[in-house]
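# Working through the structure, step by step
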Amino acid sequence: MMDIWQNPSLIDISGIEGASINCQLYIHNNVNLSECSIQSVCNYLNNSFGGAIYDNAPGCNSPEEIDSLCNLISIENFETERFFSISPNPANNMLNISIANCIIEIIEIYNQTGQLLRKTKSNKSREQIDISALPPGNFFIRAISRDDVFVRKIVVMR
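I will try to describe carefully the structure that is included in this document.

Parameters and conventions
- Residues numbered from 1 in each chain as written.
- Predicted model: local features only at pLDDT ≥ 70, side-chain atom pairs only at ≥ 80, totals over all residues.
- Heavy atoms only, no water.
- Disulfide = S-S within 2.5 Å.
- Helix = DSSP H or I, 4+ residues; strand = E, 2+ residues; numbered from the N terminus.
- Buried < 20%, exposed > 50% of the residue type's maximum accessible area, 1.4 Å probe, protein only.
- Salt bridge = Lys/Arg side-chain N within 4 Å of Asp/Glu carboxyl O.
- Polar contact = N/O pair within 3.5 Å; in protein donor to acceptor, adjacent residues only side chain to side chain.
- Contact = heavy atoms within 4.5 Å.

Disulfide: a covalent bond connecting the sulfur atoms of a pair of cysteines. This structure, assessed with the given rule, holds 1 disulfide. The disulfide partner of Cys36 is Cys60, and the gap between their sulfur atoms is 1.8 Å. Since a negative S-S torsion denotes a left-handed disulfide, the Cys36-Cys60 link at about -70° is left-handed. On the criterion of sequence distance, the pair formed by Cys36 in the loop between β2 (25-30) and α1 (39-46) and Cys60 in the loop between β3 (51-56) and α2 (63-74) is long-range, its members being 24 residues apart. By relative accessible area, which is 0% here, Cys60 ends up buried.

So this is what it looks like as structure tokens:
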């Protein structure tokens with residue numbers, strides 16, 4: 001059994017990235033833990049051995065919530081990721097997005113639960129997006145070109 005619980009300062013579990021979880025996994029009562037969609041947990045959810053995930057921050061509050069983010073991230077093309085740029089990150093009001101040698105067709109912003117918050121059409125390789133209406137927190141930017149889909153996590157701070 002792996003039990004991650006009652007860690008109020010824990011915000012992500014990247015320390016177990018790459019671990020093979022082949023036992024019951026419990027992730028609960030971590031009030032600031034919002035990032036659980038790492039590959040080892042995504043793999044665990046596909047081959048569940050039991051356990052429970054609850055009472056964490058949005059983005060890590062249930063297996064369904066994490067799975068939706070795992071599915072969003074799994075479409076990322078890692079070979080072309082080096083051509084995708086978002087700045088600044090963390091951001092306040094404006095976000096610059098660019099893809100080298102590609103035209104961005106659609107930019108989507110998702111919250112931690114995988115809910116689509118905003119969809120913008122584009123026809124440029126660089127785009128500036130106003131994110132001032134977003135509350136502070138973690139979000140995912142998905143940029144779609146003709147041939148690739150790029151996903152990156154961003155942090156909005158005020």
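The next thing to look at is the pattern of salt bridges. Any two side chains of opposite charge can pair if their charged atoms end up close together. Under the counting rule described, the total for this entry stands at 3 salt bridges. Here Arg142 ties to Glu108 by a salt bridge, and the two come within 3.3 Å at their closest N and O atoms. Taken together, the positions of Arg142 in strand β9 (residues 137-145) and Glu108 in strand β6 (residues 104-110) put the pair 34 residues apart, joining distant regions of the chain. In this structure, Lys124 and Glu127 form a salt bridge, with 3.5 Å as the shortest nitrogen-oxygen distance. On the basis of relative accessible area, Lys124 is assigned to the partly exposed category, the value being 42%. Exposure remark for Glu127: the relative accessible area of 14% places this residue in the buried category.

Within the element layout of this structure, Glu35 appears in the loop between β2 and α1. Taking the relative accessible area as the measure of exposure, Glu35 reaches 10% and is therefore buried. Side chain to side chain, Glu35 and Lys153 meet in a polar contact 3.2 Å long. Ignoring any residue separated from it by four or fewer positions in sequence, one finds Glu35 in contact with Ile11, Asp12, Ile13, Cys60, Gln112, Phe140 and Lys153.

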